[in-house]
Amino acid sequence: MKTSIIPIFIPHIGCPYRCVFCNQWKITGQHRVPTATFVKETIQQYMQAATLSRHWEVAFYGGSFTAVPTALQESLLEPATQALRQGKIHGIRCSTRPDAVGKDVIERLLRFGVNTVELGVQSMDDTVLQRAKRGHTATDVVQATRRLHKYGLLVGHQLMPGLPGEDERSLQQTAAAVCALQPDAARIYPVAVLAETELAAQYRQGLYRPLTTAEGIRRGAYLKQRLLEHGIPVIRTGLQATKVLDDGEQVLAGAYTPAMGELIDTYRYRRQLFSLLDRLNLCTSVHIYYAPSETSRVRGYRNITYKYCLWRYRVPFIWQAGKDLPNKRIFVHYGQMVYTIDVDTGGVLITKKEGSYE
Ligand code: SF4
């Protein structure tokens, strides 16, 4: 069943420092401190508006939830826990810092029925973390992830490719370290420079060179592919578009586009398709089949891969969505052979052609 989130934003509450890139007031579009009544009413509103049966989870996002003063933390959790016990919702999650999940904190979360903790990891390179003024180290991430797993909680990692000081080596180091920790899910947010942040000031002074959108896509796609190859689901790529973020004044530079998720998948799919096609030395037509729901990923966002193929290979391409074909596969028919690309693992299965999917 599909998971739907009931978000409760706690912008910057509990944060001991202000990380250089962060402006939760802009990202969440909210300024106020929520109350228990607000949490209760928000859950009710979502339940009343729900038309489909979903796996509902209340999520405390936008701050360092486990570092929020205990009394406020418990009063916010209380209505969510009640809804959980009544079977109205099915889970509670929160996002927080890796240095704010000690034993006592975890035991409190478990008492209130929290099942998932999303850690702001951002990078596994201590130099990058220091320049982002995170106030914790990569070792804190390792310990927090292991401790949360030990207590049976699901763990999410939030990653930000493109922070100051990141280079190819530290990006690879982050991917390897996260893969080794095996979080249960990850979110990837290529860095965008938001107004009223220290990063914005660094950018204006020429001290930080922001990602281009293309570079943000490349780094995001690299991380996503590495994680998927290690069996870690990536549940979001790119900041959620909001009215505030899209008003033309809040994102000053960097990798922000409402289509980031689709562009990252377009890049991943295209790289794998081209890696195969380059090896085939094409001289005659190629048939490409895929599941209907994969059309935009296989042909590319706004047909970019489709157009690129014509220019790059100079042979006819026939693209066709085939009913009943599985997702996350690209079937390339060439000559007498069928090449099945498993996009998430990067593997290619080669078989002899038997029929067609038409
Ligand atoms: S990134 Fe997380 S810890 Fe840092 S200021 Fe933003 S909400 Fe707080």
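This structure is a prediction, so every number in the text was calculated from the model and none was measured. (Residues numbered from 1 in each chain as written. Predicted model: local features only at pLDDT ≥ 70, side-chain atom pairs only at ≥ 80, totals over all residues. Heavy atoms only, no water.)

Caption draft 1: Fine view of the pattern of salt bridges. Under the counting rule described, the total for this entry stands at 19 salt bridges. Note that Glu198 is salt-bridged to Lys133, the shortest N-O span being 2.8 Å. One end of the pair, Glu198, is in helix H8 (residues 198-204); the other, Lys133, is in the loop between helix H5 (126-131) and helix H6 (138-150), and 65 residues separate them in sequence. Judged by its relative accessible area of 42%, Lys133 is partly exposed. (Salt bridge = Lys/Arg side-chain N within 4 Å of Asp/Glu carboxyl O. Helix = DSSP H or I, 4+ residues; strand = E, 2+ residues; numbered from the N terminus. Buried < 20%, exposed > 50% of the residue type's maximum accessible area, 1.4 Å probe, protein only.)

Caption draft 2: Broad picture of the sheet that holds strand E2 (residues 55-61). The seven strands lie next to each other as E1-E2-E3-E4-E5-E6-E8, forming an open sheet whose pairing is parallel. Where the open sheet ends on each side, the last strands, each with one partner, are strand E1 (3-9) and strand E8 (234-237). The sheet shows a mean angle of 20 degrees between the axes of neighbouring strands, direction not considered. (Pairing = 2+ DSSP bridges. Axes fitted to C-alpha atoms, helices over the stretch in contact; angles between N-to-C directions.)

Caption draft 3: Region of the structure containing the sheet that holds strand E10 (residues 286-290). Spatial ordering of the open sheet is given by E11-E10-E12-E13-E14, a layout of five strands whose pairing is mixed. At either margin of the open sheet sits one strand with a lone partner, and together these are strand E11 (317-321) and strand E14 (347-352). For this sheet, the mean angle separating the axes of adjacent strands, direction not counted, is 20 degrees. Bridging between E10 and E11 involves five bridges; their strand directions are parallel. Each bridged residue has a counterpart across the sheet, and for Tyr290 the counterpart in E11 is Ala321.

Caption draft 4: Examining the domain arrangement of the chain more closely. Taken as a whole, the chain is organised into domain 1 (3-258) and domain 2 (266-352). Placing a centre on the C-alpha atoms of domain 1 and another on those of domain 2 gives a separation of 34 Å. Across the contact, seven residues belong to domain 1 and seven residues belong to domain 2. In this assembly, domain 1 packs against domain 2 so that about 570 Å² is buried in total across both faces, 59% of it on carbon and sulfur atoms. Considering only the side of domain 1, the residues that lose the most area to domain 2 are Ala221, Gln225 and Leu228, jointly responsible for 59% of the buried surface there. The interface formed by domain 1 and domain 2 contains zero salt bridges. On the surface where domain 1 and domain 2 come into contact, there are four residue pairs in polar contact (both at pLDDT 80 or more). Its residues assigned to classes, the side of domain 1 that touches domain 2 comprises three nonpolar, one polar and three charged. (Domains from an automatic or database assignment. Contact = heavy atoms within 4.5 Å. Buried area = accessible area lost by both parts, 1.4 Å probe. Polar contact = N/O pair within 3.5 Å; in protein donor to acceptor, adjacent residues only side chain to side chain. Nonpolar A, V, L, I, M, F, W, Y, C, P; charged D, E, K, R; others polar.)

Caption draft 5: Quick look at the environment of Gln336. By the element assignment, Gln336 lies in the loop between strand E12 (329-334) and strand E13 (337-342). Discounting chain neighbours no more than four positions away, the residues touching Gln336 are Thr351, Lys352 and Lys353.

Caption draft 6: Structural detail: the packing of aromatic side chains. The tally for this structure, following the rule as stated, stands at eight aromatic pairs. Ring centres of Phe317 and Trp319 lie 5.9 Å apart, and the angle between their planes is 25 degrees; on these two criteria the pair is classed as stacked. Here Phe317 and Trp319 have matching classes, each one buried. Aromatic rings pair up to connect Phe274, Tyr306, Tyr308, Trp311, Tyr313, Phe317 and Trp319 into one cluster. Across the ring face of Tyr306, the terminal group of Arg299 is positioned such that the distance to the ring centre comes to 4.5 Å. (Phe/Tyr/Trp six-rings, centres within 6.5 Å; stacked < 30°, edge-to-face > 60°. Lys NZ or Arg CZ within 6 Å of the ring centre and 35° of its normal.)

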